[in-house]
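What the coordinates show
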Amino acid sequence: MQSEQRSARTSQRDRDTTQLPQVTHSRNPGMDLDMNWVRAAQANTSAIERRCATLPGRRSVKKEHQAAWLLKAITMIDLTTLSGDDTAGRVRRLCAKAAHPVRSEILSSLGVDEITTGAVCVYHDMIAPAVETLDHMGVTLPVAAVSTGFPAGLSPYHLRVEEIRESVRVGASEIDIVISRRHVLTGNWQALYDEMRDFREACGAAHVKAILATGELGSLRNVARASLVCMMAGADFIKTSTGKESVNATLPVSLVMIRAIRDYYEATGYRVGYKPAGGISKAKDAITYLALIKEELGDDWLTPDLFRFGASSLLGDIERQLEHHVTGHYSATYRHPMG
Ligand SMILES: O=C[C@H](O)COP(=O)(O)O
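A brief look at the structure comes next. (Residues numbered from 1 in each chain as written. Predicted model: local features only at pLDDT ≥ 70, side-chain atom pairs only at ≥ 80, totals over all residues. Heavy atoms only, no water.)

Overview of the pattern of salt bridges
- Applying the stated criterion to the full structure yields 26 salt bridges.
- Of the charged contacts in the structure, one is a salt bridge between Glu-166 and Arg-169, with a shortest N-O distance of 3.2 Å. On the criterion of helical spacing, the pair formed by Glu-166 and Arg-169 is a turn pair, its members being three residues apart in helix 8 (residues 157-169).
- You can call Glu-166 partly exposed: its relative accessible area is 22%.
- You can call Arg-169 partly exposed: its relative accessible area is 31%. (Salt bridge = Lys/Arg side-chain N within 4 Å of Asp/Glu carboxyl O. Helix = DSSP H or I, 4+ residues; strand = E, 2+ residues; numbered from the N terminus. Buried < 20%, exposed > 50% of the residue type's maximum accessible area, 1.4 Å probe, protein only.)

Next up, the structure:
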């Protein structure tokens with residue numbers, strides 16, 4: 001009986017989410033929809049753009065800190081492959097890379113032990129190969145699955161909910177849902193709240209990231225309002241983009257979402273995580289995002305539990321910069337306010 005239970009626990013088809021690696025911050029319990037708060041949310045576009053324009057160029061990171069920040073960034077990457085031609089082989093290689101993202105010679109010259117990325121992020125059909133590979137390697141790393149008819153989120157509602165349940169059942173411990181953009185564009189906040197509530201409930205013990213697809217929401221004020229509604233409905237993370245919109249993660253959108261997270265924390269005491277995603281491929285941009293988080297939310301958010309990059313190619317550039325760093329050919333000038 002016990003061995004049957006054990007094998008059921010480890011089965012890919014009946015994976016018990018309580019056994020899976022989980023982010024450790026407490027789950028956002030959500031709250032009733034507060035329409036007054038939603039209506040009051042504003043975003044002063046010109047002030048936000050001015051603030052973001054100055055962010056990348058404030059002052060240099062001291063050279064001795066640069067590698068440490070880049071290593072930290074790696075631990076916060078959801079290493080992603082979301083392509084129509086994904087195969088089990090590609091996902092196995094992705095997992096191997098996530099488990100050992102930096103060559104050991106580079107790590108040892110920096111005096112660092114093994115690190116991993118924050119998670120891997122894949123489509124539903126690639127969860128099983130990802131879980132198998134990580135289990136086989138003995139590596140504890142969350143598998144995040146995009147869900148609910150990603151990227152458009154326009155498949156039948158009951159199938160979107162069922163997709164979440166199925167992804168959790170086969171081993172995803174984090175679910176990246178896409179919201180219905182039309183609820184935001186028509187100001188139907190109750191519908192957005194109800195949808196997010198249903199998605200969150202379907203996730204069970206898995207953490208849920210709400211992808212707002214900010215490039216399709218029309219205004220920064222809509223981004224602020226959608227951020228609040230998703231957090232009120234229990235999102236554990238809010239995420240900018242699918243990576244498939246024509247405009248993905250930007251600094252102005254990030255500032256609006258991060259400030260919504262701060263407002264939510266100040267009002268409820270719950271820390272919701274932030275995930276910029278799509279088009280972040282340069283080490284210096286990663287540093288700029290970390291600087292923004294540090295300035296707006298503080299060091300508490302500079303952890304994989306509360307901050308992730310959704311990125312398919314960022315790791316390659318960070319690796320190159322680290323290599324330059326250890327070989328003394330480090331040429332990029334990082335200017336940001338953390339040095
Ligand atoms: O969620 C992750 C994004 O889809 C990755 O986008 P990217 O391929 O532009 O890095």
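Some thoughts on the site of the ligand
- In the region of the ligand, the neighbouring residues are Thr-80, Leu-82, Lys-239, Thr-242, Gly-243, Ala-277, Gly-278, Gly-279, Gly-310, Ala-311 and Ser-312.
- Lys-239 is positioned such that a nitrogen or oxygen atom in its side chain is 3.1 Å from an oxygen atom of the ligand.
- A distance of 2.5 Å separates an oxygen atom of the ligand from a polar side-chain atom of Ser-312.
- Summarising the interface, the protein chains cover 84% of the accessible area of the ligand, which totals 310 Å² for the free molecule.
- Split by residue class, the shell around the ligand holds three nonpolar, seven polar and one charged. (Near = heavy atom within 4 Å. Polar contact = N/O pair within 3.5 Å; in protein donor to acceptor, adjacent residues only side chain to side chain. Areas by Shrake-Rupley, 256 points an atom, 1.4 Å probe, with all protein chains shown as cover. Nonpolar A, V, L, I, M, F, W, Y, C, P; charged D, E, K, R; others polar.)

Structural notes on the sheet that holds strand 5 (residues 207-211)
- Spatially, eight strands are ordered 7-6-5-4-3-2-1-8 in an open sheet, and the strand pairing comes out parallel. Of all the strands in the sheet, just strand 7 (273-275) and strand 8 (309-311) have a single pairing partner and so form its edges. On average, each strand axis in the sheet is inclined to that of its neighbour by 25 degrees, with strand direction left out of account.
- The pairing of strand 3 (residues 143-146) with strand 4 (residues 174-178) spans three bridges and is classified as parallel. Counted as the bridge partner of Ala-144 is Glu-174 from strand 4.
- Those strands touched by helix 5 (residues 88-99) are strand 1 (77-80) and strand 2 (119-122), and its axis lies near 160 degrees from that of strand 2. (Pairing = 2+ DSSP bridges. Axes fitted to C-alpha atoms, helices over the stretch in contact; angles between N-to-C directions. Contact = heavy atoms within 4.5 Å.)

What to know about the packing of aromatic side chains
- Inspection of the entire model under this criterion finds seven aromatic pairs.
- Between Trp-37 and Tyr-264 the ring centres are 6.1 Å apart and the planes differ by 10 degrees, which places this aromatic pair in the stacked class. Of this pair, Trp-37 sits in helix 2 (residues 35-40) while Tyr-264 sits in helix 12 (residues 251-268); the two residues are 227 residues apart in sequence, bridging distant segments of the chain.
- Each member of the aromatic cluster is reached from another via a ring pair, and the members are Tyr-274, Tyr-289, Phe-307 and Phe-309.
- Sitting over the ring of Phe-237, Lys-209 keeps its end group 6.0 Å from the ring centre. (Phe/Tyr/Trp six-rings, centres within 6.5 Å; stacked < 30°, edge-to-face > 60°. Lys NZ or Arg CZ within 6 Å of the ring centre and 35° of its normal.)

So, the pairing of strand 2
- Residues Ala-119 and Cys-121 line one face of strand 2 and the alternating positions Val-120 and Val-122 line the opposite face, and both faces are buried.
- In this sheet, strand 2 lies alongside strand 1 in parallel orientation, the contact comprising three bridges. Within strand 2, the position partnered with Leu-79 by the bridge is Val-120.
- Relative to strand 3, strand 2 is paired through three bridges, and the arrangement is parallel. Paired with Val-122 across the bridge in strand 3 is Ala-145.

Focus: the side chain of Glu-174
- The topology assignment puts Glu-174 in strand 4.
- Looking at Glu-174, the relative accessible area reads 2%, which means it is buried.
- Side-chain polar atoms of Glu-174 contact the side chain of Lys-209, separated by 2.7 Å.
- In this structure the side chain of Glu-174 is engaged in a polar contact, spanning 2.9 Å, whose partner is the side chain of Arg-308.

Concerning the packing of helix 8 against helix 10 (residues 189-203)
- At a minimum axis distance of 8 Å, the contact between helix 8 and helix 10 shows a crossing angle of 30 degrees. Judged by the angle between their axes, helix 8 and helix 10 are roughly parallel. Crossing of helix 8 against helix 10: the hand is right-handed. For the pair helix 8 and helix 10, the contacting residues are Tyr-157, Arg-160, Val-161, Ile-164, Arg-165 and Val-168 in the first and Asp-194, Glu-195, Asp-198, Phe-199, Ala-202 and Cys-203 in the second.
- For the contact of helix 8 with helix 10, a count of residues per class yields seven nonpolar, no polar and five charged. (Parallel < 35°, antiparallel > 145°, perpendicular 65-115°, else oblique. Left-handed = near helix turned anticlockwise from the far one by under 90°.)

Some words on helix 13 (residues 283-296)
- In this model, helix 13 (14 residues) spans 20 Å end to end at C-alpha, consistent with the 20 Å of a helix rising 1.5 Å per residue.
- Among the 14 residues of helix 13, ten are classified as buried, and the element is accordingly described as predominantly covered.
- What helix 13 keeps buried is the set Ala-283, Ala-286, Ile-287, Thr-288, Tyr-289, Leu-290, Ala-291, Leu-292, Ile-293 and Glu-296.
- Among the residues trailing helix 13, Gly-298 stands out with phi positive, at a value near 90 degrees. (Expected span 1.5 Å × (residues − 1).)

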